[in-house]
Amino acid sequence: MFASSSTSENSNLSINSIGKLPEESSVLVVGAGGIGCELLKSLALCRFGSIGVIDLDTIEVSNLNRQFLFRREHVGQPKASVACDSIRRICPSIHIEPFHGDVLTDPRFDMSFYKQYDLVINALDNVQARQHVNRMCLLCSKPLIDSGSTGYNGQATLIFKGRTQCYDCIEKPKQQRTYAVCTIRNTPSQPIHCIVWAKFLYNQLFGDNEDPNNEDVTPDSDDPENANNELENKTNGHHRVSTRDWIHKEMEEFDPKRIFNKLFFDDIIYLTSMKNLWEKRRQPIPIEYGKACLVKEKNQNGQGDHDESTMPKITDQRIQSISDYVQMFIDSVNDLKQRSDKQREIALTTKEPTFLVWDKNDDADLRFVTASANLRAHIFGINLTSKFDVKSMAGNIIPAVATTNAIVAGITVLQARKILATLPRLSHDHTLTSINHLTNVFISTDRKTGGIIQSIPLEEPNQSCIQCSDLEQPVRVRINMSLFTVSALYERVIRNHLKMNKPDVIIADGSGRILISADDDEDEQMMLKTLDQFKLMNGTILLCEEDYADDTNAALTQNMKIKLMLEHTDTIKDIDDYIIVDGHVIGEIKQSLKRKLPDVDNDDDDDDDNIQHLDDYQNEINIVKKTKRLSTTPNEHNTNTNNNSGAIHMLR
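Residues numbered from 1 in each chain as written. Predicted model: local features only at pLDDT ≥ 70, side-chain atom pairs only at ≥ 80, totals over all residues. Heavy atoms only, no water.

Put simply, the rule reads: UniProt positions are given in the numbering used here, feature names are shortened, and annotations may be inferred rather than shown by experiment.
By the naming in an unreviewed UniProt entry, the protein is SUMO-activating enzyme subunit, taken from Rotaria magnacalcarata. The Pathway (unreviewed entry) field of the UniProt record for the protein holds the comment "Protein modification; protein sumoylation." Of the protein, the UniProt comment under Sequence similarities (unreviewed entry) reads exactly: "Belongs to the ubiquitin-activating E1 family."

### Comments concerning the pairing of strand β1 (residues 26–30)
Operational definition: Note on classification: 1.4 Å probe, protein chains only; a residue is buried when its accessible area is under 20% of the maximum for its type, exposed when over 50%, partly exposed between these limits. The numbering of helices and of strands both runs from the N terminus, where a helix is a DSSP run of H or I of at least 4 residues and a strand a run of E of at least 2. DSSP bridges decide pairing: two strands pair if at least two such bridges lie between them. Look down the strands so they point away from you; if the path from the first strand over the helix to the second goes clockwise, the crossover is right-handed.
A large share of β1 lies buried, amounting to five of its five residues. Because side chains alternate across β1, one face comprises the buried residues Ser 26, Leu 28 and Val 30, and the other comprises Val 27 and Val 29, equally buried. Taken together, the five bridges between β1 and strand β2 (residues 50–55) define a ladder with parallel strand orientation. Of the residues in β2, the one forming a bridge with Val 30 is Ile 54. Running through helix α2 (residues 34–45), the crossover from β1 to the neighbouring parallel element β2 is right-handed. Relative to strand β4 (residues 119–122), β1 runs parallel, the two sharing four bridges. For Val 27, the partnering residue across the bridge sits in β4 and is Leu 119.

### A short note on the UniProt feature "binding site: Zn(2+)" (unreviewed entry) in the protein
UniProt's entry tags Cys 166, Cys 169, Cys 465 and Cys 468 with the feature "binding site: Zn(2+)" (unreviewed entry), counted in the numbering of this structure. What stands out for the annotated residues spanning 303 residues is how close their C-alpha atoms remain, the widest pair being 8.5 Å apart. Inspection of the secondary structure puts Cys 465 in the loop between β8 (453–457) and β9 (473–479). Assessed through its relative accessible area of 5%, Cys 465 is described here as buried. Turning to its location among the elements, Cys 468 is positioned in the loop between β8 and β9. Given the relative accessible area of 8%, Cys 468 is considered buried.

### Topic: the packing of aromatic side chains
Going by this rule: Under the pairing criterion, centres of Phe, Tyr and Trp rings, with the six-membered ring standing for Trp, must be within 6.5 Å; the plane angle then separates stacked pairs below 30 degrees from edge-to-face pairs above 60, leaving the rest tilted.
Inspection of the entire model under this criterion finds 16 aromatic pairs. Their ring planes at 50° and their centres at 6.4 Å tell us that Trp 278 and Phe 380 sit as a pair that is tilted. Placement of the pair is Trp 278 in the loop between α10 (256–272) and α11 (289–292) and Phe 380 in the loop between α13 (363–379) and α14 (387–394), with a sequence separation of 102 residues. Taking relative accessible area as the criterion, Trp 278 reaches 9% and is therefore assigned buried.

### Describing the pattern of salt bridges
Applied cut-off: A side-chain nitrogen of Lys or Arg and a carboxyl oxygen of Asp or Glu constitute a salt bridge if their distance falls within 4 Å.
If you walk through the whole model with that rule in mind, you get 17 salt bridges. Between Lys 387 and Asp 363 there is a salt bridge, and its shortest N-O distance comes to 2.7 Å. Separated by 24 residues along the polypeptide, Lys 387 in helix α14 and Asp 363 in helix α13 bring together distant segments of the chain. Where Glu 491 meets Arg 495, a salt bridge forms, and the shortest distance between an N and an O atom there is 3.4 Å. With Glu 491 and Arg 495 both in helix α16 (residues 486–497) and four residues apart, this pair spans about one turn of that helix. Linked through salt bridges whose partners overlap, the residues forming this network are Asp 316, Asp 335, Asp 363, Arg 367 and Lys 387.

### With respect to the sheet that holds strand β7 (residues 439–443)
The test is simple: Axis lines are fitted to C-alpha atoms, over the contacting stretch for helices. Their N-to-C directions set the angle, which ranges from 0 to 180 degrees. Contacts: residue pairs with any heavy atoms within 4.5 Å of one another.
Taken together, eight strands build an open sheet; the order of strands is β3-β2-β1-β4-β5-β6-β7-β8 and the sheet is mixed. Looking at the sheet topology across the chains shown, the edges are occupied by β3 (95–100) and β8. Pairwise comparison of adjacent strand axes, ignoring direction, gives a mean angle of 15° for this sheet. Direction of pairing for strand β6 (residues 153–159) relative to β7: antiparallel, over a ladder of three bridges. Across the sheet, Gln 155 pairs through a bridge with Phe 442, a residue of β7. The strands touched by helix α3 (residues 79–90) are β2 and β3; relative to β3, the strand with the most contacts, the crossing angle is about 165°. Where helix α5 (residues 127–140) meets the sheet, it contacts β1, β4, β5 (144–150) and β6, and its direction lies at approximately 165° from that of β5.

### What to know about unusual backbone geometry
You will see that Arg 47, though not glycine, has its phi angle at about 65°, which is positive. As for its placement among the helices and strands, Arg 47 is situated in the loop between α2 and β2. Located in the positive-phi region is Ser 141, a residue other than glycine, with phi close to 55°.

### What about the nonpolar core?
Taken as a class, soluble globular proteins show a tendency for nonpolar side chains to be buried jointly. Which entries qualify depends on this criterion: Nonpolar cores were defined as sets of buried Ala, Val, Leu, Ile, Met, Phe, Trp, Tyr and Cys residues, with membership established by side-chain atoms within 4.5 Å.
One finds Phe 264, Phe 329 and Phe 368 to be the most contacted residues of the largest nonpolar core, which totals 54 residues. Where this core is concerned, the elements lending two or more residues are α7 (191–205), α9 (243–253), α10, α11, α12 (322–349), α13 and α14. When neighbours within four sequence positions are excluded, Phe 264 is seen to be in contact with Trp 197, Pro 286, Ile 287, Phe 329, Ser 372, Leu 375, Arg 376 and Ile 379.

Shown next as structure tokens:
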């Protein structure tokens, strides 16, 4: 009887203590765009009890085709607010709260904010924000699902501190956003080079032509490869006519055919006279308007000669013939000239600009860049690009497919329910009981890799990852970024408080930037700059590394790595104030130093007499006020040092 009762109690304990129901759970969704809208709908219909939504953006017309929580009347309003209103209409009883702000810099989104939630879901479209949320979840030991899509591919990957790879465990490929001017103007070799040139051309014809930052599209006679050849060009009668200067007169007389011949015949003739450029390259072939209208082929290499079974069914995804692009160029130039004239008239009586601004979502703008880029590509023997692909490349965007977003969102919600099933019911405990049954899920249209939806086993953390490895001590310092200087950070926090001698201080954002180098002399002007001048923000991680050996005393050898997390707060008003959070970490560092320096006199180990341990740190303003009295009551800290769990050290 006793055994049966015991078994029953253990069974009830197991049922009641493990596994949270959606109704009992709180989820933070970061991003209310394409995937975010689908996520919020699915979470609400699955009866998740509490949802927080962060998004910085406002609604644009281009969002309406796939972000179904928004309507035309919502254009210009915050995405987070409108999304939450729409969800409340679907599920009136749900608790959903919007947060319109930048997840990177808004001081509201600190560690205490993340700790309110059982689970965090990323629905972001940029690397920097995803890295930041990844860091915050690691610091809070919160489960994170990182969702994303690229065209017809997508993923919902799981991140658990110390148990799986984090977002930064795998180095992200760096996409080139800038290109050498001489490559764009003289020697393009890729479709993107022609697209960038076409956008430059748009600004020359219809944009702010007086802006010196707008690049000229005329052949660059200063190309280093063309050294000693300019004199020969002049003697051969080839003259370079600047498009920037030529266009002022031409737009008054306006003839699209003359513009065509200037760009694709005259300028190309001049380029071919720069003999040095073509010694090891294919020489471009100039083409006049009349002959271009007769070219029906799609590329010199036969590109685009598809049979009917492989021909894209959507017109924008098809490669057109050269004659089609000629007509597209003429039509778009005429359309944009009319709009440009109208814009100038409007500017006479309003504060509107006198010029046009290129917009990837405007059909005439996109047709102009597509036609110009492909005509130039044809001249240089480069593969042509569809209008669909030009939009994604010219706008620096990843094509979004609504169906993919819906699939990713559905899988993400299933992942969330699996995670909740392993969470203890106690709200303060977010340690997963088991992750053996969990997997990462990828959506891929590449049939070589298997099915469209694939489950991939979770991978162990990368031990060399700066963000999630346990090789460095995590220390949180709360400061006012607009007041605290690099010098104060280095001298007061790193050297005086953390007891490091002269470390390298590296910004751990994937860029590899060194804030302070141990090998270089300190630049006084640089050291006096505030941290926000270096674009350091709330949640930035600094890696402090020191490998210092004293030849005269082996006991002074130090090998330390400490991760320092910067947390911004506006409540600190003094330039010398800062807060060290989690005092037990400092204790561990000091103990480590004592072990490293056994023979060193530690009489000054208590040199930070202006530290006070505080159990309650909810009101930072009160903490700051108390701190300002510490300089006159240096021994006050002795009255409250028995319990330093979760304490804050307030320094000035």
